[in-house]
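Chain by chain, the residues run as shown.
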Amino acid sequence: MPQSADKVLDHFELFHQPEYQALLKNKKECFENAYPDIKVKEVVEWTKTWEYREKNFAREALTVNPAKACQPLGAVFAAAGFEGSLSYVHGSQGCVAYFRSHLARHFKEPISSVSDSMTEDAAVFGGLNNIVEGLANSYKMYKPKMIAMSTTCMAEVIGDDLHAFIAGAKEKGSVPADFPVASCHTPSFVGSHITGYDAQVKGVLQAFWEGKTRTEGSSSINIVGGFDGYAVGNIRELKRMMAEMGVEATFLADVSDVFDTPTDGTYRMYDGGTKLDDVAAALNAKATLSLQHYSTIKTLEYAESKGQVTQAFNHPVGVGATDEFLMAVSKLTGKAIPDSLTKERGRLVDAIADSVAHLHGKKFAIFGDPDLCMGLTRFLMELGAEPVHVLATNGNKDWEAATNELLASSPYGAGGKAWPGKDLWHMRSLLFTEPVDFLIGSTYGKYLERDTGTPLIRIGFPIFDRHHHHRYPVWGYQGSLNVLVKILDKVFDVMDASTNITGVTDISYDIIR
Ligand code: SF4
């Protein structure tokens, strides 16, 4: 065997050894009942045509590679953003293993969340006993300051009532009567991780605000980021910008520390997060601002119902979007935008001016969460680039109308179209039939890059195959600069790769770009 204790090969080499090649060939010939290669090639070519695209877009009962995750994953994300908060998922254990691993692979951090492991008996008789035992165990073993509960499909299909079950568990003494247990129902057969995020943040606010009366007069504002793969970098950047302005702000669901704990010999199950006293006090804030509208609709409705001013943005990337956000903060708080931020704005404009010639007229496809797609669309048009396909599997009709309106607001968006509810197999058809120069999206776009030859710029969630992107902001003037550099790096990589044949194309293989 090629593999031994003295000679350990990783998979890059191991599976190319003759033994494994023979094994794989044998498996294909004897067990896979595969079609002849020539037939496979013929069908692959057909899937690149307009005829196939029309069939693909007519499908109703099947989703292939959706660019979204399920609701409780977003709820687990949000739960982690509060001080001493333990995410508790009422439902199946396997689902929670998926949420933890999905988030851990992106943030490269251990992600804590417990499950009460419903099995067949709970599916028949209901999950009350699981919650009674699960809350008691969680409280004793992990010593949280709050438990934030969500549900998987299994609990939702049988109709478990979290509110009643938590009250029952408190009566039985699982946790003290005054211990905060926030909850939200997160049925995954509707919505996505962004609606799960929304439900959990609202659930936490309700746990602290319900039955309380708001006091007017505060100039403080609340800021909620929405489900965001760049939360570590973005929240820190927003905090810095608010500090520059002298604005008193409470960041709700602040995951910036717990998703970026140091290696110093101490394991931190809980780290940072919005202080629970601050969550309670956030009721009295003047306003709640959201950086991502589609991720926080119910949260903002709830804040508004309590008498707060609310305003939402769409993943503010770029000069115009950052201007709008800062001007809104300034108007609400009466704090001026300081020279330091005005200078950052000027530096971003300068960087754009330096590079715009390489971006002008380039065509892009974008996929991801609804707000991310809108933020990037707006920034690309600001750069003179042309967003052509804008696809959000978890986008709805409202998002479609808003995105098409955004595209229509610039001549660079004239050839663009929003695709709500479509998946990455739809995107494949779009890229083959109406090709673009670049694709922007998550790691899952690498299969589209391989299939269609469209270079992928990794921006979004999840990013599994590149490290540490989440530490760098993509919001604000500084964050926009990071996005600009990411896009330009790929543009120049492609330029180099297409001009590097000695004596053939290298007349343009330049040192200076
Ligand atoms: S879709 Fe439902 S069953 Fe699947 S991981 Fe999400 S909660 Fe679990």
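In this text the structure is predicted, and so the values were computed from the model without any measurement. (Residues numbered from 1 in each chain as written. Predicted model: local features only at pLDDT ≥ 70, side-chain atom pairs only at ≥ 80, totals over all residues.)

**Side note on the domain arrangement of the chain**
Argument step 1. Entries for the chain in the domain assignment read domain 1 (69-312) and domain 2 (340-497).
Argument step 2. Just the C-alpha atoms count here: the centres of domain 1 and domain 2 sit 29 Å apart.
Argument step 3. Across the boundary between the two partners, domain 1 contributes 25 residues, which contact 22 residues of domain 2.
Argument step 4. Mapped onto the side of domain 1 that touches domain 2, the elements with two or more residues apiece are helix H6 (93-107) and helix H12 (231-245).
Argument step 5. Among the elements that take part in the side of domain 1 that touches domain 2, H12 stands out by supplying eight residues, more than any other.
Argument step 6. When its residues are assigned to classes, the side of domain 1 that touches domain 2 shows 10 nonpolar, 10 polar and five charged. (Domains from an automatic or database assignment. Contact = placed C-beta atoms within 7 Å. Helix = DSSP H or I, 4+ residues; strand = E, 2+ residues; numbered from the N terminus. Nonpolar A, V, L, I, M, F, W, Y, C, P; charged D, E, K, R; others polar.)

**Here we look at the sheet that holds strand E5 (residues 221-224)**
Strand pairing within a sheet occurs via backbone hydrogen bonds; the two strands may be parallel or antiparallel.
Argument step 1. Spatial strand order, E6-E5-E7-E8: four strands in an open sheet with parallel pairing. Bordering the open sheet on either side are strand E6 (249-252) and strand E8 (309-312), each of which pairs with just one other strand. Sheet twist, expressed as the mean angle between neighbouring strand axes with direction ignored, is 20°.
Argument step 2. When E5 meets E6, the two strands line up parallel, connected through four bridges. Bridged to Asn222 within E6 is Thr250.
Argument step 3. Against the sheet, helix H15 (residues 319-333) contacts E5, strand E7 (287-290) and E8, and its axis sits at roughly 155° relative to E5. (Pairing = 2+ DSSP bridges. Axes fitted to C-alpha atoms, helices over the stretch in contact; angles between N-to-C directions.)

**Regarding the site of the ligand**
Argument step 1. Inspection of the region around the ligand gives Cys70, Pro72, Ser92, Cys95, Tyr98, Thr152, Cys153 and Ser188 as its neighbouring residues.
Argument step 2. Across the shell around the ligand, the residue classes break down as five nonpolar, three polar and no charged. (Near = placed C-beta within 6 Å.)

**Regarding unusual backbone geometry**
Argument step 1. Cis geometry is adopted by the peptide bond preceding Pro462, which originates at Phe461 and carries an omega value of 0°.
Argument step 2. Looking at the element boundaries, Pro462 is found in the loop between strand E13 (456-458) and helix H21 (476-497).
Argument step 3. One non-glycine residue with positive phi stands out, namely His315, at about 50°.
Argument step 4. For His315, the position within the fold is in the loop between E8 and H15.

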